[in-house]
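# Architecture at a glance
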Amino acid sequence: MSASATQATRAGWADHLEDVQIFTGGAALFDQRAEDVIRSTPGVVEAEPVLKNEGRLLGSDAVVWGVAQEPLLRYRLAGGRWFSVDELEATERVAVIERNIAQIKGVHLGDTVTLRTAVGEADFRIVGIAKNQQENGTALYVPLTTA
């Protein structure tokens with residue numbers, strides 16, 4: 001059992017391509033000054049904003065990740081596709097859902113699902129299913145501009 005837990009943890013963290021994550025607390029977001037400090041820090045080669053929000057999907061907890069079109073995350077698709085640059089620029093309501101929560105909730109490619117967050121509900125069309133195990137398999141990846 002310990003070996004399985006270790007393997008799952010390594011697999012989840014191995015998908016991350018960043019060395020460091022910096023978070024804000026509460027509703028505070030990084031401003032331009034904070035971004036400038038991070039990007040100008042010696043040794044920083046690349047920095048990427050990510051917006052994570054807790055939510056509900058069909059009665060279950062989910063975590064919505066607003067990410068870039070080419071995130072610092074090694075996503076592994078089980079089906080469908082990642083969202084496109086055009087969808088990112090148009091703030092489309094599309095999502096890639098992790099396989100675990102998709103299977104549990106009976107969500108398939110092409111389905112439209114309603115995500116409930118602290119700011120309200122929004123419908124998203126599922127364009128991809130990922131094999132990743134972020135947030136215990138409950139993550140949905142959406143364009144950062146949409147999030």
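Below or above, wherever it landed, is the structure these notes cover. (Residues numbered from 1 in each chain as written. Predicted model: local features only at pLDDT ≥ 70, side-chain atom pairs only at ≥ 80, totals over all residues. Heavy atoms only, no water.)

### Description of the side chain of T146
- Structurally, T146 can be placed in the segment after strand 7 (139-143).
- The contacts of T146, once residues within four sequence positions are left out, are T91, E92, R93 and F124. (Helix = DSSP H or I, 4+ residues; strand = E, 2+ residues; numbered from the N terminus. Contact = heavy atoms within 4.5 Å.)

### Side note on the pairing of strand 2 (residues 60-67)
- Here strand 2 lies mainly inside the structure; seven of its eight residues are buried.
- Here seven bridges tie strand 1 (residues 51-57) to strand 2, and the two strands are oriented antiparallel to one another. Among the inter-strand pairings, N53 is bridged to a residue of strand 2, identified as V64.
- Sheet topology places strand 2 next to strand 7; five bridges connect them, and they run parallel. (Buried < 20%, exposed > 50% of the residue type's maximum accessible area, 1.4 Å probe, protein only. Pairing = 2+ DSSP bridges.)

### Some points on the pairing of strand 4 (residues 94-98)
- Of all five residues that make up strand 4, five are buried, and the element is covered over most of its length.
- Of the two faces of strand 4, the one holding V94, V96 and E98 and the one holding A95 and I97 are both buried throughout.
- Pairing of strand 4 with strand 7 involves two bridges; the strand directions are antiparallel. Across the sheet, V96 pairs through a bridge with Y141, a residue of strand 7.

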